[in-house]
There are 2 protein chains.
Amino acid sequence: MLRKQSGSITPLVGILGGMGPAATVDLYSKLIEATPAAGDQGHLRVMIWADPTVPDRSAAIAGDGEDPTPKLAAGAQQLADAGAAFYIVACNGAHAFLPRVREQVDLDYLSIIDVTAAHVAALPYVKSAGLLATDATLTAGLYQDALLAAGVTPTVPAREDQHIVMETIYAVKAKELRPELTQALAGVTDRLSERGADVIIAACTEIPLALTADQSARPLIDPAVLLANEVINEAAARAR
Amino acid sequence: MLRKQSGSITPLVGILGGMGPAATVDLYSKLIEATPAAGDQGHLRVMIWADPTVPDRSAAIAGDGEDPTPKLAAGAQQLADAGAAFYIVACNGAHAFLPRVREQVDLDYLSIIDVTAAHVAALPYVKSAGLLATDATLTAGLYQDALLAAGVTPTVPAREDQHIVMETIYAVKAKELRPELTQALAGVTDRLSERGADVIIAACTEIPLALTADQSARPLIDPAVLLANEVINEAAARAR
């Protein structure tokens, strides 16, 4: 019986990742950064299931790609089998499939979208939030629904600007980000700001790898940082 | 039966990490960087078991700390249970315990130390390699034995310099690295060079987070990069 971690008191945190791998590294880095620890032993126990072969979430949401649900469920099951107390997913678009995963796998997840919407709604100066996200995340209405429910108006890029967003995301995934793309993406935030966005939500895990806070026309909200902090809180609440 | 990844052809790679978490991020990043992939789906499937509660390897090797073997074996068993084809360990010092883990858990590992010694021995200009490693890794003789067996003379820091190395490593783990420490560590490489080292091996996974190649008096060998490349080769060899 090697599975039991007899000495540990904090729960095992699951990360479903690989979508893409760099975004998984980014989320795990932010979790480590958010952890108040003076040495190795103060950090959370984490299991990462990184399966980059999960079918493209954007294509599936657009209706012309393989359903990613089975592989997402397989990963969630691996996390559950290993004893994870809950899990998070390092891909916004994948959240469109998580309710169906939850029907198949008995393991709770913290939604990066719900955590972000709650945070933004609590900022007193925010009436509208601009969204930098994949076509898929926008089509699925993930952030729009959550923001509207929280009383915040979502602002999405115009069609040509959305092309820039997508080009940037796929360039990050292909490790081919160019300064011109970052500059173009900064321009997208200018136009979202002109149309009333009080903050910009980096609503795809690749966006913070392409745009820094000082390149954004409005405060740039990084959902991965918010999720990392929520994981710390949740793990503390569940610690024995 | 959610476990089977029916569509995949590359093996699952296991990473035993959390020792420390930042070094795990670094190793996984280097694996992603080493992978020739134009999008998510070209990357390797990876499972990371990051257990920072594994007892301190240095203390155990010095003979005054809890044995980390049971927790390392528990992690290796998790990787085996999930279907990993082989695993790597993001901590040099932990390699002292891996032969005993292998007796308990039926899963092969790629040794970061063997990979590095083979690489260094193949460099035609290298007669001696300087070692930046923990007290524990040096006490266990991990790199010295592997280098000597490969025909390379190991050069270890003098006592005061070794204190600088240890101080730097623990500062990285505590997220308290200061420029003075990096400068002092660069001085250590100067003295290893003066004593004949033709290359410097960053033989602790925290060292590359504290010292860049251009700050080292001799070419800085990063075992994590070498291991990442070896993982790509091994995964390709095992792909079905």
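Residues numbered from 1 in each chain as written. Chains lettered and ligands numbered in written order. Predicted model: local features only at pLDDT ≥ 70, side-chain atom pairs only at ≥ 80, totals over all residues. Heavy atoms only, no water.

Student: Sorry, what's going on with unusual backbone geometry here?
Tutor: Trans peptide bonds make up most of the peptide bonds, and negative phi angles are found at most residues other than glycine. Residues and elements named next belong to chain A. Omega for the peptide link from M19 to G20 comes to -10°, which places this bond in the cis form. Along the chain, G20 turns up in the loop between β1 (12-17) and α1 (21-34). Of note, K175 is a non-glycine position whose phi angle comes to about 55°, a positive value. (Helix = DSSP H or I, 4+ residues; strand = E, 2+ residues; numbered from the N terminus.)

Student: Just checking my understanding: could you explain the domain arrangement of chain A for this structure?
Tutor: Residues and elements named next belong to chain A. What the domain assignment lists for chain A is domain 1 (12-111 + 225-239) and domain 2 (113-223). Domain 1 and domain 2 are separated by 21 Å when their C-alpha centres are compared. Across the boundary between the two partners, domain 1 contributes 21 residues, which contact 24 residues of domain 2. Summed over both partners, the interface of domain 1 with domain 2 buries about 1,700 Å², with 57% contributed by carbon and sulfur atoms. It is N92, S111 and L226 in domain 1 that bury the most area against domain 2; as a group they hold 39% of the surface buried on that side. Across the domain 1-domain 2 interface, the total number found is one salt bridge. Here D222 ties to K30 by a salt bridge, and the two come within 2.4 Å at their closest N and O atoms. Of all elements in the fold, only α1, α2 (57-62) and α10 (223-238) reach the threshold of two or more residues within the side of domain 1 that touches domain 2. (Domains from an automatic or database assignment. Contact = heavy atoms within 4.5 Å. Buried area = accessible area lost by both parts, 1.4 Å probe. Salt bridge = Lys/Arg side-chain N within 4 Å of Asp/Glu carboxyl O.)

Student: For this particular structure, what's the right way to read the sheet that holds strand β2 (residues 46-50) of chain B?
Tutor: Neighbouring strands of a sheet are bound in pairs by backbone hydrogen bonds; such pairs are parallel or else antiparallel. If you walk across this open sheet you meet the six strands as β3(A)-β1(A)-β2(A)-β2(B)-β1(B)-β3(B), and the pairing is mixed. In this open sheet, the two strands that pair with only one neighbour each are β3 (84-89) of chain A together with β3 (84-89) of chain B. For this sheet, the mean angle separating the axes of adjacent strands, direction not counted, is 20°. Sheet topology note: the β1 of chain A/β3 of chain A ladder contains five bridges and is parallel. Residue pairing for β3 of chain A: L16 of chain A is matched across the bridge by V89 of chain A. Sheet strands touched by α10 of chain A: β1 and β3 of chain A. Its angle to β3 of chain A, the strand with the most contacts, is close to 170°. (Pairing = 2+ DSSP bridges. Axes fitted to C-alpha atoms, helices over the stretch in contact; angles between N-to-C directions.)

Student: Help me out: how do you make sense of the relation of the copies chain A and chain B in this one?
Tutor: Copies of the same chain, two in number, are related to each other by a rotation about an axis and a translation along it. Overlay of chain A on chain B (RMSD 0.0 Å): rotation 180°, translation along the axis 0.0 Å. Considering both components of the superposition, the chain copies are consistent with a two-fold axis. For chain A, the residue whose C-alpha comes nearest the rotation axis is I48 of chain A, separated from it by 2.4 Å. When the interface residues of chain A are mapped onto chain B, 100% of them are again interface residues, pointing to one common binding face. (Least-squares fit on C-alpha atoms with pLDDT ≥ 70 in both.)

Student: Is there a simple way to explain empty space enclosed by the protein in this structure?
Tutor: The rolling of a water-molecule-sized probe over the atoms marks out the regions of remaining empty space. Residues and elements named next belong to chain B. If you walk through the whole model with that rule in mind, you get four cavities of 30 Å³ or more. The space that makes up the largest cavity amounts to roughly 150 Å³. Surrounding the largest cavity, 19 residues form its lining, R57, S58, C91, T134 and K173 being those nearest its centre. Sorting the residues of the lining of the largest cavity by element identifies α2 (57-62), α6 (135-139) and α8 (159-173) as the ones contributing at least two each. (1 Å grid on protein atoms, 1.4 Å probe; cavity = no way out; pocket = protein on both sides within 12 Å on 5 of 7 lines; lining within 4 Å. Points joined across faces, edges and corners; volume = space filled by probe spheres on them.)

Student: Where do I start with the interface of chain A and chain B in this structure?
Tutor: Interface extent is often summarised as the accessible area lost during association of the parts. In this complex, chain A contributes 50 residues to the contact, which on the side of chain B involves 50 residues. Carbon and sulfur atoms supply 53% of the area that chain A and chain B bury against each other, a total of about 4,100 Å² over both sides. Across the salt bridge formed by D40 of chain B and K173 of chain A, the nearest N and O atoms sit 3.0 Å from each other. Where chain A meets chain B, there are 17 residue pairs in polar contact (both at pLDDT 80 or more). Those elements giving two or more residues to the side of chain A that touches chain B turn out to be α1, β2 (46-50) and α3 (69-81) of chain A. For the side of chain A that touches chain B, the leading source of residues is α1 of chain A, giving eight residues. Residue composition of the side of chain A that touches chain B, by class: 24 nonpolar, 15 polar and eleven charged. Relative to β2 of chain B, β2 of chain A runs antiparallel, the two being bridged by five bridges. Its bridge partner lying in β2 of chain B, M47 of chain A is registered against W49 of chain B. (Polar contact = N/O pair within 3.5 Å; in protein donor to acceptor, adjacent residues only side chain to side chain. Nonpolar A, V, L, I, M, F, W, Y, C, P; charged D, E, K, R; others polar.)

Student: Can you help me understand the packing of helix α5 (residues 112-121) of chain B against helix α7 (residues 142-149) of chain B in this one?
Tutor: The description of two packed helices rests on the angle between their axes and on the distance between the axes. Residue and element names in this part refer to chain B. Direction vectors running N to C along α5 and α7 enclose 40°, while the axes themselves pass 9 Å from each other. Considering the angle they form, α5 stands oblique to α7. For α5 against α7, the interelement crossing comes out right-handed. Each of I112, I113, D114, T116, A117 and V120 in α5 lies in contact with α7, whose residues at this interface are L142, Y143, A146 and L147. Considering only residue class, the contact of α5 with α7 consists of eight nonpolar, one polar and one charged. (Parallel < 35°, antiparallel > 145°, perpendicular 65-115°, else oblique. Left-handed = near helix turned anticlockwise from the far one by under 90°.)

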